[in-house]
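Residues per chain are reported as follows:
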Amino acid sequence: MCIFKSSATHLLLLSLFALLSFASQAAPIYSYSVCTNGSYYQPNTTFQANLKVLLSSLVSNATLHDGFYSTNISLGNPGQVKGLFLCRGDVTPTVCQQCVTAAAMNITRFCTNQTVSIIWYDVCMLRYSSDSTLDNVVPGINLVADDSVPDSDFTQFNDLLASTLNDITQKAVNSPSDKKFAAKEADFTSSMKLYTLAQCTPDLSTFECNKCFSSAISALPSCCSGKRGARTLLPGCNIRYELYPFYNASAVSTQPELSSPSSVGDDLIDVESLQFDLATVEAATNSFADENKIGQGGFGVVYKGILPNGQEIAVKRLSVTSLQGTIEFMNEAILVAKLQHRNLVRLLGFCLEGQEKMLIYEYIPNKSLDRFLFDPVKQRELDWSRRYKIIVGIARGILYLHEDSQLLIIHRDLKASNVLLDENMNPKISDFGMAKIFQADQTQVNTGRIVGTYGYMSPEYAMRGQFSVKSDVFSFGVLVLEIVSGKKNTDFCQTKHADDLLSYAWKNWTEQTPLELLDPTLRGSYSRNEVIRCIHIGLLCIQENPSDRPSMATISLMLNSYSVTLSLPRKPASFLHGRTPNRLKNGLHSDESATSSILWSNNEVSITEVYPR
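Quantities reported herein were computed from a predicted structural model and do not represent experimental measurements.

Definitions and cut-offs
- Residues numbered from 1 in each chain as written.
- Predicted model: local features only at pLDDT ≥ 70, side-chain atom pairs only at ≥ 80, totals over all residues.
- Heavy atoms only, no water.
- Helix = DSSP H or I, 4+ residues; strand = E, 2+ residues; numbered from the N terminus.
- Buried < 20%, exposed > 50% of the residue type's maximum accessible area, 1.4 Å probe, protein only.
- Contact = heavy atoms within 4.5 Å.
- Areas by Shrake-Rupley, 256 points an atom, 1.4 Å probe, with all protein chains shown as cover.
- Core = buried A, V, L, I, M, F, W, Y, C linked by side-chain atoms within 4.5 Å.
- 1 Å grid on protein atoms, 1.4 Å probe; cavity = no way out; pocket = protein on both sides within 12 Å on 5 of 7 lines; lining within 4 Å.
- Points joined across faces, edges and corners; volume = space filled by probe spheres on them.
- Nonpolar A, V, L, I, M, F, W, Y, C, P; charged D, E, K, R; others polar.
- Salt bridge = Lys/Arg side-chain N within 4 Å of Asp/Glu carboxyl O.
- Disulfide = S-S within 2.5 Å.
- Phe/Tyr/Trp six-rings, centres within 6.5 Å; stacked < 30°, edge-to-face > 60°.
- Lys NZ or Arg CZ within 6 Å of the ring centre and 35° of its normal.
- Pairing = 2+ DSSP bridges.
- Patch = residues over 30% accessible without salt bridge, like charges linked within 9 Å, V, L, I, M, F, W, Y side chains within 5 Å.
- Lys, Arg positive; Asp, Glu negative; His and termini not counted.
- Charge placed at Lys NZ, Arg CZ, Asp CG, Glu CD.
- Axes fitted to C-alpha atoms, helices over the stretch in contact; angles between N-to-C directions.
- Parallel < 35°, antiparallel > 145°, perpendicular 65-115°, else oblique.
- Left-handed = near helix turned anticlockwise from the far one by under 90°.
- pLDDT = per-residue confidence, 0-100.

Now for the overall build of the chain. A tally of helices and strands in the chain yields 19 helices and 24 strands. In the chain, which comprises 613 residues, the share counted as buried stands at 55%. Residue pairs in contact within the chain that sit at least 24 positions apart in sequence constitute 68% of those at least 6 positions apart. When the accessible surface of the chain is totalled, it reaches about 27400 Å², and 51% of it is carbon and sulfur.

Shown next as structure tokens:
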């Protein structure tokens, strides 16, 4: 322990020496800091020692990594601490280190013995946390200029500011350099320019960066309308505008624009290779002829099409009432197109022209699982070996989304109609319109906007807006029981005089008659052990407490190895018992996706502080 402390002190002294060597340069300007409320660490503990090492490590890396660095120190448990710094994209490595050094020295002074803290300067931000994840849900900080533009220029200024900020944030999101930084100037009057800057931490996904910028911009009207300058500071991003140049224009001008022909950023290449023009899609679908319609839902209509090279495609034409914005739509398409797995439908591209927003998928000939599973005639084509193969394939696809892809993705709308079957009846998960992309260190998210399908939603999601990988596990469990029984969960009470499929499965399990759940068309040929194991797994997946549900990795192991011992299930969640609520019946079929808002969604909070000129 003494050696460890000595090393930490030595590193800190080196950092302080580095600060002194920069004394001849202008000192960074402190902006704001936020500390936790009531969460403290004790002096001379492992956490304090780890925090010293973390801060020293951030300082020593400040001239490297292109202005951003994140690390985790865990030398002894408990006591791990995670932290990062972000320097403004236009500053030199020397200026970056000077700012990070000042931030590292002062964060523990402003936030004494706090376990979670964040500090902002004019050219950098530094933060740390005792949690394994760096929570981005903290109050936004608005720093506002004293002076306002003249009343006669008020409308013109606000219009210019809104359009410029929207433009600059999208340039930052799609920055080819992956710095997620951009700056731009625009003419306000003949003698005055508007200067704007936007930046996200590079570890944020495109989706999360967009979301952060939207939150930052939405905070401006209530605090800063007509002001000559303002900043919104969030843990994951920041925006700033002034009527004077506050950034290094020469450094910014060297960054290639997204539309520049010389740019070779991944996002640009993806956009060019994935975008279909409207004329091509119209020709492929015979102008969206009714005879080419192969599906319809709350999102819009799906058409079959044939490209000039003979390739068959499925075109999902989103309805004009879709809540998804243009930028979000394009970013989602780019990200989903990168997912490659045998049990996921492959996205070929998208079309975005005028009011049209369309996704172009590979065409799957046998359409969706529900067309076979819930049809009294076609369900006979699904013998037990095929059904078991479908269950295993779906599990592999969801496992890929949760653990094996570059992005951690929660599907949020897993159901029979979103599983397509190819010519060999192999399952392919489709419809990522409601999918949520998690950061690598995220485990759970709260939302006030509930999306998904009644009967497949986990209780914590439907009732409290909490979703995680275990939300998909719950939906998978419902789907497994549907595949075994050949009955739809939400319609089950019409035939079995039970509340729903879940309660009926539990009833037979507790009465030791699990095979009563089996689809009668399978009674002639099936594997008794596989059927009972699938029912057992399904019941484990629909446990009310998310922590009681197995992960998709464990589920895949359970399905492929009988050496794995399964725990005993408890009574499944009961809040969904009963028929589809009336609010979903009006104009919405029970297997269509629904969107609603919970009344207790958290209000976004911002702190406004005026700063002098």
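In this section: the nonpolar core. Here is a general trend for soluble globular proteins: nonpolar side chains tend to be buried in one another's company. If you look at the biggest cluster of nonpolar residues, it comprises 79 residues, and the most contacted ones within it are Leu369, Ile394, Phe476, Val484, Ile555 and Leu559. Here this core gets 11 residues from one element, more than from any other, and that element is helix α12 (residues 384-404). Not counting the four nearest positions on each side in its chain, Val484 is found in contact with Trp384, Arg387, Leu517, Leu518, Asp519, Leu522, Val531, Cys534 and Ile535. One finds Phe157, Ala182, Ala216 and Leu220 within the second-largest nonpolar core, a separate group that totals 29 residues.

To find leftover empty space, a probe the size of one water molecule is rolled over the atoms. Applying the stated criterion to the full structure yields six cavities of 30 Å³ or more. One number sums up the size of the largest cavity: a volume of about 170 Å³. Breaking the lining of the largest cavity down by element, the ones donating at least two residues are β3 (81-87), β4 (116-121), β5 (124-129), β8 (192-200), β9 (230-233) and β10 (237-242). Here the element with the most residues in the lining of the largest cavity is β10; it accounts for three residues. Looking at the lining of the largest cavity, its residues break down into 12 nonpolar, two polar and four charged. What the second largest cavity holds in volume is close to 80 Å³.

Our next topic: the pattern of salt bridges. Going through the model one piece at a time under the given rule, you end up with 14 salt bridges. Between Asp167 and Lys171 there is a salt bridge, with the nearest N and O atoms lying 3.6 Å from each other. Of this pair, Asp167 and Lys171 both sit in helix α4 (residues 154-173), separated by four residues, roughly a single helical turn. For Asp167, a relative accessible area of 25% translates into the label partly exposed. Accessibility expressed as a relative area gives 24% for Lys171, which makes it partly exposed. Note that Glu460 is salt-bridged to Arg549, the shortest N-O span being 2.8 Å. Here Glu460, found in helix α13 (residues 459-464), pairs with Arg549, found in the loop between α17 (528-541) and α18 (552-560); they are 89 residues apart in sequence, far enough to count as distant. For Glu460, a relative accessible area of 3% translates into the label buried. Ionic contacts of the salt-bridge type, sharing partners, join the residues Asp167, Lys171 and Lys184 into one network.

A few words now on the state of the cysteines. Following the criterion strictly, the structure yields six disulfides and no others. Bridging Cys35 to Cys111, the disulfide has an S-S length of 1.9 Å. When the S-S torsion is -70 degrees, as for the bridge of Cys35 with Cys111, the disulfide is left-handed. One end of the pair, Cys35, is in strand β1 (residues 30-35); the other, Cys111, is in the loop between α3 (93-110) and β4, and 76 residues separate them in sequence. A residue is classified by how much of its surface remains accessible, and Cys35, at 30% relative accessible area, is partly exposed. Two residues, Cys99 and Cys124, share a disulfide whose sulfurs are 2.0 Å apart. As the torsion about the S-S bond is roughly -80 degrees, the Cys99-Cys124 disulfide counts as left-handed. Separated by 25 residues along the polypeptide, Cys99 in helix α3 and Cys124 in strand β5 bring together distant segments of the chain. With respect to burial, Cys99 and Cys124 carry one shared label: buried.

This paragraph deals with the packing of aromatic side chains. Going through the model one piece at a time under the given rule, you end up with 10 aromatic pairs. Taking 6.0 Å as the distance between ring centres and 55 degrees as the angle between the ring planes, the aromatic pair formed by Phe157 and Tyr241 counts as tilted. With Phe157 in helix α4 and Tyr241 in strand β10, this residue pair connects regions lying 84 residues apart in the sequence. Exposure class is identical for Phe157 and Tyr241. Each is buried. With 6.1 Å between their ring centres and 70 degrees between their planes, Tyr195 and Tyr247 make a pair best called edge-to-face. Taken together, the positions of Tyr195 in strand β8 and Tyr247 in the loop between β10 and α7 (249-253) put the pair 52 residues apart, joining distant regions of the chain. You'll find Tyr195 and Tyr247 in the same group, each marked buried. Put simply, the rings of Tyr30, Phe110 and Tyr121 touch in pairs and so form one group of aromatic residues. Directly above the ring of Phe246 sits Arg240, whose terminal nitrogen or CZ lies 4.3 Å from the centroid. The ring of Phe372 has Lys378 sitting right over it, with the charged end atom 5.6 Å from the ring centre.

As a further point, take the pairing of strand β14 (residues 347-353). For β14, the buried fraction is high: six of the seven residues fall into the buried class. Sheet topology note: the β14/strand β15 (residues 356-362) ladder contains six bridges and is antiparallel. If you follow Gly349 over to β15, its bridge partner there is Ile360. Between the antiparallel neighbours β14 and β15 lie two residues, among them Gly354 with a positive phi of about 60 degrees.

A surface patch of positive charge is lined by Arg342, Arg386, Lys389 and Arg396. Mapped onto the elements, Arg342 comes out in the loop between α10 (326-337) and β14.

A packed helix pair is summarised by two numbers, namely the angle formed by the two axes and the spacing between the axes. Contact geometry of α12 with α18 gives a least axis separation of 9 Å together with a crossing angle of 155 degrees. Relative to α18, α12 is oriented roughly antiparallel. In this structure, α12 meets α18 at a crossing whose hand is left-handed. Within the contact between the two elements, α12 uses Tyr388, Ile391, Val392, Ala395, Arg396, Ile398, Leu399, His402 and Glu403 and α18 uses Met552, Ala553, Ile555, Ser556, Leu559 and Asn560.

On to the confidence of the model for the chain, then. On average, residues of the chain score 79 in pLDDT, and 77% of them reach the 70 mark or higher. When mean pLDDT is compared element by element in the chain, α17 scores highest at 95, while helix α1 (residues 2-21) scores lowest at 35. Note that residues 1-24 has pLDDT below 50 and, in this model, 22 contacts with residues that lie over four places away or in other chains. Confidence drops under pLDDT 50 across residues 575-590; counting only partners more than four residues distant or on other chains, this segment forms 37 contacts.

Packing of helix α14 (residues 469-485) against α17 brings their axes to within 7 Å, and their N-to-C directions diverge by 150 degrees. Relative to α17, α14 is oriented roughly antiparallel. The chirality of how α14 crosses α17 is left-handed. Between α14, through Val473, Phe474, Phe476, Gly477, Val480, Leu481 and Val484, and α17, the contact on the second element is made entirely by Val531, Cys534, Ile535, Gly538 and Cys541. Classifying every residue of the contact of α14 with α17 by side-chain character gives 10 nonpolar, two polar and no charged.

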